[in-house]
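Chain by chain, the residues:
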Protein chains: 2
Amino acid sequence: MNIKEVAARAGLPAKTIRYYEEIGLIRPLRGANGYRSFRDSDLHKLAFLGRARSLGFSIEECRALLALYEDQSRASSDVKALAGKHLDQIAAKIRELQEMQATLQQLVGACAGDQRPDCPILQGLADPAGLTRIKTDCCA
Amino acid sequence: MNIKEVAARAGLPAKTIRYYEEIGLIRPLRGANGYRSFRDSDLHKLAFLGRARSLGFSIEECRALLALYEDQSRASSDVKALAGKHLDQIAAKIRELQEMQATLQQLVGACAGDQRPDCPILQGLADPAGLTRIKTDCCA
DNA sequence: TCTTGACCTTCCAGTGACTGGAAGCCCCAT
DNA sequence: ATGGGGCTTCCAGTCACTGGAAGGTCAAGA
């Protein structure tokens, strides 16, 4: 299989596949012409990587997952620990974004959005006391 | 004010402040010795930037916000539109993370996490049908 | 006066995970 | 032989910093 076909099948850009080889995630064979020659096992690894990446695992986490996947004597507790740690990171990121969202929603909600220059959003950014005041008014 | 003091007051690393000058977000004066000399207005801008960044606005969005902040004849609708677009992005990101979270939670929940190699997490990553099956089992 | 140490400067390189593009083979069909 | 698509490598850019080296400046103490 040449790179274009494996890219289509794995659902990854060819560029990304070359990059994954460069950083040692896969090691496709090479034909006499220098072209990469992908086996089914390469395709499977790439699809695995694509799914792990789409779940937000970092490249290094993907490398560890792939190593566990290939290790027949792995303990599922190791996989679960890795995934659990990642879940914690996702949860933390969600909380962080929700805090941003809440603050910003209050500012946007307080802004008239008309032709006048007065703007609680800019006031909130310029002065955290103002921002707090809005919150206080809202929740009081 | 020298950079260290303004950094402490604005709550930003000195490195970041130099970077913000480099990309034209601020233009502090210079003393005869070549040191940056920050006015109160620079400090205010830096604090503004720090808050906007902490709400997830990109540097270019911050640049636009700062321009609106300085433009006395702005329309608050412009600010509200910018903030609203950013809120949409935040909401989209949260949804994306929640989808990852849901999928990963199902996989982690199905994994025994013991000394045996059998692992639904790896199976789910290796084979989306397996992943779907888990979901189906769960929701059926 | 000299020295020490904290502070300041610039410049260069690296992060993560790609992505775009240029220059140049290779292969197949016409 | 020519054209077009596919393949190769390498370099540069993204975003928002961050670390570190090399060197100038300043104020306080011996």
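It should be noted that the structure appears before, not after, this text.
Computed from a prediction, not measured in an experiment: that's the story for all the values here.

Q: Mind showing me how you'd approach the protein's contact with DNA strand D here?
A: Lining the immediate environment of DNA strand D, one finds 19 residues, of which A:K4, A:Y35, A:R36, B:K15 and B:Y20 sit closest. Sugar and phosphate atoms represent 69% of those atoms of DNA strand D found within 4 Å of the protein. In this structure, a base nitrogen belonging to DNA strand D sits 3.0 Å away from a side-chain N or O atom of B:Y35. Within the side chain of B:R53, a nitrogen or oxygen atom sits 2.9 Å from a phosphate oxygen of DNA strand D. The greatest single-element share of the surface near DNA strand D, amounting to four residues, is contributed by helix 2 (residues 14–22) of chain B.

Q: Would you explain the relation of the copies chain A and chain B in this entry?
A: The two copies are related by a screw operation: chain A maps onto chain B through 180 degrees of rotation and 0.0 Å of translation along the axis, at an RMSD of 0.1 Å. Interpreted geometrically, this transformation is the action of a two-fold axis. Among all residues of chain A, the one whose C-alpha sits closest to the rotation axis is A:I94, at a distance of 3.0 Å. Here 100% of the interface residues in chain A have copies in chain B that are interface residues too; the copies meet face to matching face.

Q: What should I look at first to understand helix 4 (residues 59–70) of chain A in this one?
A: Structurally, the α-helix is built with 3.6 residues per turn, so residues lying three or four positions apart point the same way. In this model, helix 4 of chain A (12 residues) spans 16 Å end to end at C-alpha, consistent with the 16 Å of a helix rising 1.5 Å per residue. Those residues of helix 4 of chain A lying buried are A:I59, A:E61, A:C62, A:L65, A:L66 and A:L68. Close packing links the buried residues of helix 4 of chain A with helix 2 (14–22), helix 3 (40–54) and helix 5 (76–110) of chain A together with helix 6 (120–126) of chain B.

Q: How do you make sense of the environment of B:M100 when you look at a structure like this?
A: Position of B:M100 relative to the elements: it lies in helix 5 (residues 76–110). For B:M100, a relative accessible area of 11% puts it in the buried group. Aside from chain neighbours lying at most four places away, what touches B:M100 is A:S54, A:L55, A:G56 and A:I90.

Reading the values: the criteria
- Residues numbered from 1 in each chain as written.
- Chains lettered and ligands numbered in written order.
- Predicted model: local features only at pLDDT ≥ 70, side-chain atom pairs only at ≥ 80, totals over all residues.
- Heavy atoms only, no water.
- Near = heavy atom within 4 Å.
- Polar contact = N/O pair within 3.5 Å; in protein donor to acceptor, adjacent residues only side chain to side chain.
- Helix = DSSP H or I, 4+ residues; strand = E, 2+ residues; numbered from the N terminus.
- Least-squares fit on C-alpha atoms with pLDDT ≥ 70 in both.
- Contact = heavy atoms within 4.5 Å.
- Expected span 1.5 Å × (residues − 1).
- Buried < 20%, exposed > 50% of the residue type's maximum accessible area, 1.4 Å probe, protein only.

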